[in-house]
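A closer look at the structure
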Amino acid sequence: MGCLFCKIAEKTLPAKIEYEDDRFSVFHDIHPKAPLHLLIIPKKHIQSVDHVAIEDKELMGELILVAQKVARAKNLRGYKLQINVGREAGQIVDHLHLHLLARPPDGQADI
Ligand code: AMP
Ligand code: ZN
């Protein structure tokens, strides 16, 4: 029991971690839907965008900056960001996460 992504953030559940700092963890999606499919999570447990409070506004801004940082580090030419909110929209893990999906940069076989 307990939250899957909290366990990944705490490293009690394994994941291929791409980046982390004191507030965020970035790891590879176990069922990638693109050549690069990362999940960016705040370490703070927030169920979904629908549960974000005003005190989380800085954290939510930083979530985008973490996506930018990882994308720049990987020299991505472009990428898609997606957040599913609620079961109706396909959210299956109840810990807020930003999907980052991308193809390899030109001339690169993988990422
Ligand atoms: P969502 O549908 O927006 O809730 O996305 C949840 C994502 O988490 C899906 O793309 C799953 O493939 C992914 N996922 C589920 N369990 C794990 C896990 N243990 N490690 C990495 N990704 C996972
Ligand atoms: Zn959690």
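Structure first, text after, so check above.
**Here's the deal with the overall build of the chain**
On a plain count of helices and strands, the chain comes out with two helices and five strands. Mapped in sequence order, the helices and strands of the chain form the string α-β-β-β-α-β-β. Relative to a compact globule of 111 residues, whose C-alpha radius of gyration would be 13 Å, the chain shows 14 Å and is just as compact. Within the chain, buried positions represent 40% of all 111 residues. Sequence-distant contacts in the chain: of pairs separated by 6 or more residues, those separated by 24 or more amount to 52%. As presented, the chain carries roughly 7000 Å² of accessible surface, and 53% of it is formed by carbon and sulfur atoms.

**Some points on the environment of Leu 36**
Along the chain, Leu 36 falls in strand E3 (residues 36-42). A residue is classified by how much of its surface remains accessible, and Leu 36, at 0% relative accessible area, is buried. In the structure, Leu 36 is positioned 39 residues away from Asn 75 in sequence and 12 Å away in space, judged by C-alpha atoms. If near-sequence neighbours (up to four positions away) are discounted, Leu 36 is found in contact with His 28, Lys 74, Leu 76, Leu 100, Leu 101, Ala 102 and Ile 111.

**Let's talk about the sheet that holds E3**
Read across the open sheet, the five strands follow the order E1-E2-E3-E5-E4; overall the sheet is antiparallel. Each edge of the open sheet carries a strand with a single partner, namely strand E1 (17-20) and strand E4 (80-82). When strand polarity is set aside, the average angle formed by the axes of neighbouring strands in this sheet is 20°. Relative to E3, strand E2 (residues 24-28) runs antiparallel, the two sharing five bridges. By the bridge assignment, Phe 27 is partnered in E3 with Leu 39. Sheet contacts for helix H2 (residues 57-73): E1, E2, E3, E4 and strand E5 (98-102); angle to E3, the most-contacted strand, approximately 150°.

**A word on the packing of aromatic side chains**
According to the stated counting rule, one finds one aromatic pair in the structure shown. The interplanar angle of 75° and the centroid separation of 5.2 Å between the aromatic rings of Phe 5 and Phe 27 together place this pair among those described as edge-to-face. Placement of the pair is Phe 5 in helix H1 (residues 4-10) and Phe 27 in strand E2, with a sequence separation of 22 residues. The exposure classification of Phe 5 matches that of Phe 27, with both residues buried.

**So, the coordination of the zinc ion (ligand 2)**
Within the protein, Cys 3 (SG), Cys 6 (SG), His 45 (ND1) and His 95 (ND1) serve as the donor atoms for the zinc ion (ligand 2), at 2.0 to 2.3 Å. One way to put it: the four donor atoms around the zinc ion (ligand 2) meet at angles of 105 to 117°, and that makes the site tetrahedral. Binding-site remark: the zinc ion (ligand 2) is held by donors from one chain whose sequence spacing is C-x2-C-x38-H-x49-H. Taken as a pair, His 45 in the loop between E3 and H2 and His 95 in the loop between E4 and E5 lie far apart in primary sequence, 50 residues in all.

The rules we used
- Here the residue numbers are simple positions, counted from 1 along each chain's written sequence.
- Lettering for chains starts from A, numbering for ligands starts from 1, and both go in the order in which the items are written.
- Per-residue local features of the predicted model are confined to residues with pLDDT of at least 70, and side-chain atom pairs are confined, for both listing and counting, to 80 or more; whole-chain, interface and lining totals are unaffected and use all residues.
- Only hydrogens and water are removed before side-chain values are computed, so all heavy atoms of the structure are retained for them.
- Per the convention used, a helix needs a DSSP run of H or I reaching at least four residues, while a strand needs a run of E reaching at least two, with both numbered from the N terminus.
- In this description the radius of gyration comes from C-alpha coordinates, and the expected globular size is given by 2.2 Å times residues to the power 0.38.
- Relative accessibility under 20% of the residue-type maximum defines a buried residue, over 50% an exposed one, and the middle range a partly exposed one, all with a 1.4 Å probe and only protein chains included.
- The contact criterion used throughout is that any non-hydrogen atoms of two residues lie within 4.5 Å.
- To be clear on the numbers: accessible area is Shrake-Rupley with a 1.4 Å probe, and residue cover counts the displayed protein chains and nothing else.
- Strand pairing is assigned whenever DSSP identifies at least 2 bridges connecting the two strands.
- To get an axis, fit a line to the C-alpha atoms, keeping to the stretch in contact for a helix; angles then go from 0 to 180 degrees between the N-to-C directions.
- Whether two aromatic rings pair depends on their centres lying within 6.5 Å, for rings of Phe, Tyr and Trp, where Trp uses its six-membered ring; planes under 30 degrees apart make the pair stacked, over 60 edge-to-face, and the rest tilted.
- Metal coordination here is assigned from N, O and S atoms located within 2.8 Å of the ion, or within 3.2 Å for Na, K and Ca; omission of water means that sites may look incomplete.
- Sites are called tetrahedral only when four donors show all angles between 85 and 135 degrees, square planar or octahedral only when four or six donors show opposite pairs over 155 degrees and all other angles between 65 and 115, and irregular in any remaining case.

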